[in-house]
Amino acid sequence: MSAVSPSTDTTTNPRYGAEPAPQTGAELALHGVLLGHPGGVEVAAPAGLRIPPGELLTVVGPSGCGKTTLLRTLAGLLPPLAGRATQDGEPIIRPGADRALVFQHDALLPWRSVRANVELPLAIRRVPRPERRRAAEEWLERVGLAGHARKLPHQLSGGQRQRVQLARALAGRPRTVLMDEPFGALDAHTRAGMQDLLVEILRGTGATVVFVTHDVDEALHLGDRVVLFASGEVLDVPHPRSRDARHAPATAALRRRVLDSL
Amino acid sequence: MSAGRRLLRVASLAAALGVWQLLTALDVTLWLRFEQFPTVGEVASALADRLGTDVYWQDLGSSLRRIVVGFLLAAVLGVAAGTAVARSRWAADLLGPLVEVARPVPAIALVPVAILLLPTTEQGIVFITFTAAFFPVLVSTRHAVAALGPVWEEAVLTMGGGRLRVLFSVVLPGSLPGIFGGLSVGIGVSWICVISAEMISGEYGVGYRTWQDYTVVDYPGVFVGMATIGVLGWLTSTAVEVLGRRVTAWLPRPVARGAAGPVRATGGAAPAASALRRTPAASPSPAPLGEKEPVS
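Residues numbered from 1 in each chain as written. Chains lettered and ligands numbered in written order. Predicted model: local features only at pLDDT ≥ 70, side-chain atom pairs only at ≥ 80, totals over all residues. Heavy atoms only, no water.

Peer 1: So what about the interface of chain A and chain B? Which residues, and what values?
Peer 2: If you look at the interface, chain A gives 29 residues, while chain B gives 26 residues. With both chains or domains summed, chain A and chain B bury close to 2400 Å², and 65% of this area falls on carbon and sulfur atoms. Our count for the chain A to chain B interface comes out at one salt bridge. With a closest N to O distance of 2.7 Å, glutamate 154 of chain B and arginine 72 of chain A form a salt bridge. For the pair chain A and chain B, the number of links is five residue pairs in polar contact (both at pLDDT 80 or more). Counting residues per element, the ones that place at least two in the side of chain A that touches chain B are α1 (67–75), β7 (99–102), α2 (114–124) and α4 (158–171) of chain A. For the side of chain A that touches chain B, the element with the most residues is α2 of chain A, which contributes four residues. For the side of chain A that touches chain B, a count of residues per class yields 18 nonpolar, five polar and six charged. (Contact = heavy atoms within 4.5 Å. Buried area = accessible area lost by both parts, 1.4 Å probe. Salt bridge = Lys/Arg side-chain N within 4 Å of Asp/Glu carboxyl O. Polar contact = N/O pair within 3.5 Å; in protein donor to acceptor, adjacent residues only side chain to side chain. Helix = DSSP H or I, 4+ residues; strand = E, 2+ residues; numbered from the N terminus. Nonpolar A, V, L, I, M, F, W, Y, C, P; charged D, E, K, R; others polar.)

Here you go:
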């Protein structure tokens, strides 16, 4: 069994533009995983969870329950204390460009311009400069920040910074996007806009998405399925990513069920 | 900087010189004794004489060369060692104790070591200058690197970056503000030590000349030496400051503050001049620092 290594195949993916070439997401799975830092609190991850390629899975649970730890383990930043986390059947033992992580608080490098931040995953893959510049411009345009390429992160608002993070995460064309409450610090209006933007820019990427949130409505809006972190239950969402379905009876029933579980 | 503030700065300097001239010209003796003290005029004419001699410029060149070589070595090795100690437990165990033992020894106390170890006096002086700046740079680098949060590093790791990428894209740029704190301290200590070392064992150099003038009771010459050291020190530390501001232009800075506020570099001009000027419109950095945060 070989370890998952960072994808470096720039030859098979010649285009890094914002119009994604068809690509398949990764399949993620947890096999009896125990999460946590060595010597710290141990938390059992939802047992036997399997995330099919291209699915948008949301994970809900109260703050501090271990949702972020789950994402860090899936990213390969933190090895599980027991069990195995796998991508396409192979254990995840180190971080790699295959699995992008979008952080709760902005993780943009403050000394790099917005464009240089978006170019970073491509620079790491040694994509030639003109090509990565073009890709970054395209991604910034897609997230609505075309005019801000030369600014520094601290000159943007919180919502704009999270949009840059989205662009940076997707510019590297990862097969999995792991998102840690990316809109948690935004006001309600900005947050709804960001959710729509996320749905829009994920379209056609084929990426598997694990989206952690403590906001039940966000989880029910975005997810194909919802995982209740504490119990490990996995529930199907009746009308994923449809704003009109918010008051549909099936959604309302699911919402009650999720709220009761918290 | 506004014309008014510039005028105030010039006036402050002029007033100090004026008081000096008065006290010395009138041979004031009020517990402090000024009768032997050279007047501003005597120092100025000594300076004017010296400026025309080759020896003056040779001394100045020697001192500058020593400080530049010693300080650059200290900057490079200090940043490298500080980063290694902060990032690697192995390096911390290996270098940490040595550093802690060597650090309290004043660089100037290493003159015997320099004489024993190094073939030429010149190398000895550079060695002492290097040692003086090395430890402040190392210690501030170590703290700056250790204080970096993990999130940037993790971001680069999840983009597929390796150790070198983390080092050059995260660790070094992120710790530059702290590193430049150490470099600013280091250049100051370097001057103290290069002058002291020259006084003890030099053959040329501003420090050597100043001590020579003292031994032959040429007091105006001593003051010319002091003024030269002051100006050189000011120029070099301003150069470090200006470079530091330029490479950390990404730091969010308050738009304007009072007397101790940030002085920013402008393009092209001589370091000393640009350090004194504050022109928000002429910033060479990609960050227009005077700009307000955009509202989305």
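Peer 1: Let's hear about the confidence of the model for chain A: which residues, and what values?
Peer 2: The pLDDT averaged across chain A works out to 83; a share of 91% of its residues lies at or above 70. Counted against residues more than four places away or in other chains, residues 1–14 of chain A, with its pLDDT under 50, gives 28 contacts. (pLDDT = per-residue confidence, 0-100.)

Peer 1: Requested: an account of helix α8 (residues 163–201) of chain B, with residues and values cited.
Peer 2: Over its 39 residues, α8 of chain B runs only 45 Å from end to end, short of the ideal 57 Å by more than 12%, given 1.5 Å per residue. Leucine 176 of chain B marks the point of greatest bend in α8 of chain B, at about 55°, and the proline proline 177 of chain B comes within the next four residues. (Expected span 1.5 Å × (residues − 1). Bend = angle between axes of the 7 residues up to and from the residue.)

Peer 1: Go over the UniProt feature "transmembrane region" (unreviewed entry) in chain B with me, naming the residues and quoting the values.
Peer 2: Residue and element names in this part refer to chain B. This chain's UniProt record puts "transmembrane region" (unreviewed entry) on residues 67–86, 98–118, 124–145, 166–197 and 217–236. Annotated as 57% helix and 0% strand, the span residues 98–118 places its first and last C-alpha atoms 21 Å apart. Regarding residues 166–197, the helix share stands at 100% and the strand share at 0%, and the terminal C-alpha atoms are separated by 40 Å. (UniProt positions renumbered as here; feature names shortened; annotations may be inferred.)

Peer 1: Explain the packing of aromatic side chains residue by residue, including any values.
Peer 2: In this description, a pair of aromatic rings is defined by centroid distance and the angle of the planes. Across all of its chains, the model carries 11 aromatic pairs over all chains by this definition. Ring geometry for tryptophan 111 of chain A against tryptophan 152 of chain B: centres 5.0 Å apart, planes inclined by 80°, an arrangement best described as edge-to-face. Of the two residues, tryptophan 111 of chain A is situated in the loop between β7 and α2 and tryptophan 152 of chain B in helix α7 (residues 150–157); the pairing between them involves two chains. Judged by centre distance (5.6 Å) and plane angle (70°), the ring pair of phenylalanine 34 of chain B and phenylalanine 37 of chain B falls under edge-to-face. On the accessibility criterion, phenylalanine 34 of chain B (16% relative accessible area) is buried. According to the relative accessible area criterion, phenylalanine 37 of chain B is partly exposed, its value standing at 31%. Three or more aromatic residues joined by ring pairs make a cluster, and in this case those are Trp20, Phe34, Phe37 and Phe223 of chain B. (Phe/Tyr/Trp six-rings, centres within 6.5 Å; stacked < 30°, edge-to-face > 60°. Buried < 20%, exposed > 50% of the residue type's maximum accessible area, 1.4 Å probe, protein only.)

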